[in-house]
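Examining the three-dimensional arrangement
This is what each chain is made of:
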Amino acid sequence: MRTSLLTPAMTLLRLLDLSATFDTVDHWILIERLRRTFGVVGRPLDWVISYLTGRTQFVRFKGRTSGITSVLCGVPQGSVLGPTLFVLYAADVIPLIPFCARLR
């Protein structure tokens with residue numbers, strides 16, 4: 001890249017912003033993907049459902065607190081399971097990359 005910047009050539013940089021990806025995981029799509037694509041059923045699936053559902057959140061700022069709201073999407077961050085669940089959620093996208101590259 002440094003060489004390209006020093007010569008009269010075009011340099012292209014592609015970035016994919018994944019900063020909020022963990023927050024966009026739809027719980028029920030993930031649960032269905034685990035069941036259908038990966039064959040997770042029974043007690044392990046019940047455990048994942050329990051892990052993802054029934055969560056709530058609120059905001060406290062300058063001594064004031066918002067109302068409590070249900071968390072309907074996203075995987076808990078800071079856990080070992082969070083990145084694994086995200087990779088399983090996004091697994092269907094990986095095979096599409098070569099196809100999209102051919103469309104250019």
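Here, the structure is the one placed above.
These lines cover the structure that appears in this document, whether it is placed above or below. The shown structure was predicted, so the numbers you read here are calculated from the model rather than taken from an experiment. (Residues numbered from 1 in each chain as written. Predicted model: local features only at pLDDT ≥ 70, side-chain atom pairs only at ≥ 80, totals over all residues. Heavy atoms only, no water.)

Focus: the packing of helix α3 (residues 42-52) against helix α4 (residues 81-90)
So the rule is basically this: Fitted lines through C-alpha atoms give the axes, limited to the stretch in contact for helices. The angle between two N-to-C directions lies from 0 to 180 degrees. Note on conventions: DSSP H or I runs of at least 4 residues are helices, E runs of at least 2 residues are strands, and numbering of each starts at the N terminus. Should an angle fall under 35 degrees it is called roughly parallel, over 145 degrees roughly antiparallel, and 65 to 115 degrees roughly perpendicular, with every other angle called oblique. Two helices crossing with the near one rotated counterclockwise from the far one by less than a right angle form a left-handed crossing, whereas a clockwise rotation gives a right-handed crossing. Note on definitions: a residue-residue contact is assigned when non-hydrogen atoms from the two residues lie within 4.5 Å.
Running from N to C, α3 and α4 point in directions that differ by 110 degrees, and their axes come no closer than 13 Å. The pairing of α3 with α4 is recorded here as roughly perpendicular in orientation. The crossing of α3 and α4 is left-handed. In this structure, α3 contributes W47, V48, Y51 and L52 to the contact, and α4 contributes L81, G82 and L85.

Topic: the nonpolar core
For clarity, the cut-off: For this analysis, a nonpolar core means a set of buried residues of the types Ala, Val, Leu, Ile, Met, Phe, Trp, Tyr and Cys, connected via side-chain atoms within 4.5 Å. Exposure is judged per residue with a 1.4 Å probe applied to protein chains only, and the accessible area is read against the type maximum: over 50% gives exposed, under 20% gives buried, and values in between give partly exposed.
With 13 residues, the main nonpolar core has V25, L30, L34, V48, L52, V75 and L85 as its most contacted residues. Counting only elements with at least two residues in this core, the list comes to α2 (27-36), α3 and α4. Excluding residues within four positions of it along the chain, L30 makes contact with V25, L52, V75, L85 and Y89.

Thoughts on the environment of G74
You can see G74 is positioned in the loop between β4 (69-70) and α4. Relative accessible area serves as the criterion here: at 9%, G74 is assigned to the buried category. In sequence terms G74 and L30 are 44 residues apart; their C-alpha atoms lie 9.9 Å from each other. Beyond its immediate stretch of four places on either side in the chain, G74 contacts F22, D23, T24, V25, H27 and L52.

As for the packing of α2 against α3
For clarity, the threshold we go by: Three classes are used: nonpolar for Ala, Val, Leu, Ile, Met, Phe, Trp, Tyr, Cys and Pro, charged for Asp, Glu, Lys and Arg, and polar for all others, with Gly counted as polar.
Two elements in contact, α2 and α3, have axes separated by 11 Å at closest approach and are oriented at 165 degrees. As the angle between them shows, α2 and α3 are arranged roughly antiparallel. By crossing handedness, the relation of α2 to α3 is classed as right-handed. Residue-level contacts link H27, W28, L30, I31, L34 and R35 of α2 to L45, V48, I49 and L52 of α3. Classifying every residue of the contact of α2 with α3 by side-chain character gives eight nonpolar, one polar and one charged.

Topic: the side chain of R33
Relative to the elements of secondary structure, R33 occurs in helix α2. For R33, the residues in contact, after removing those within four places along its chain, are F38, L88, Y89, A90 and D92.

Re α3
What counts is decided by this rule: An arc is given here, and it is the one of the directions from the helix axis to the C-beta atoms.
Buried within α3 are the following residues: L45, V48, Y51 and L52. Seen along its axis, α3 keeps its buried residues to an arc of 120 degrees; they face one direction. Of the exposed residues in α3, the ones pointing more than 90 degrees away from its buried face are R43, W47 and S50. Looking at the buried positions of α3, the neighbouring elements they touch are α2 and α4. Positive phi appears at G54, one or two residues downstream of α3, with a value of about 80 degrees.

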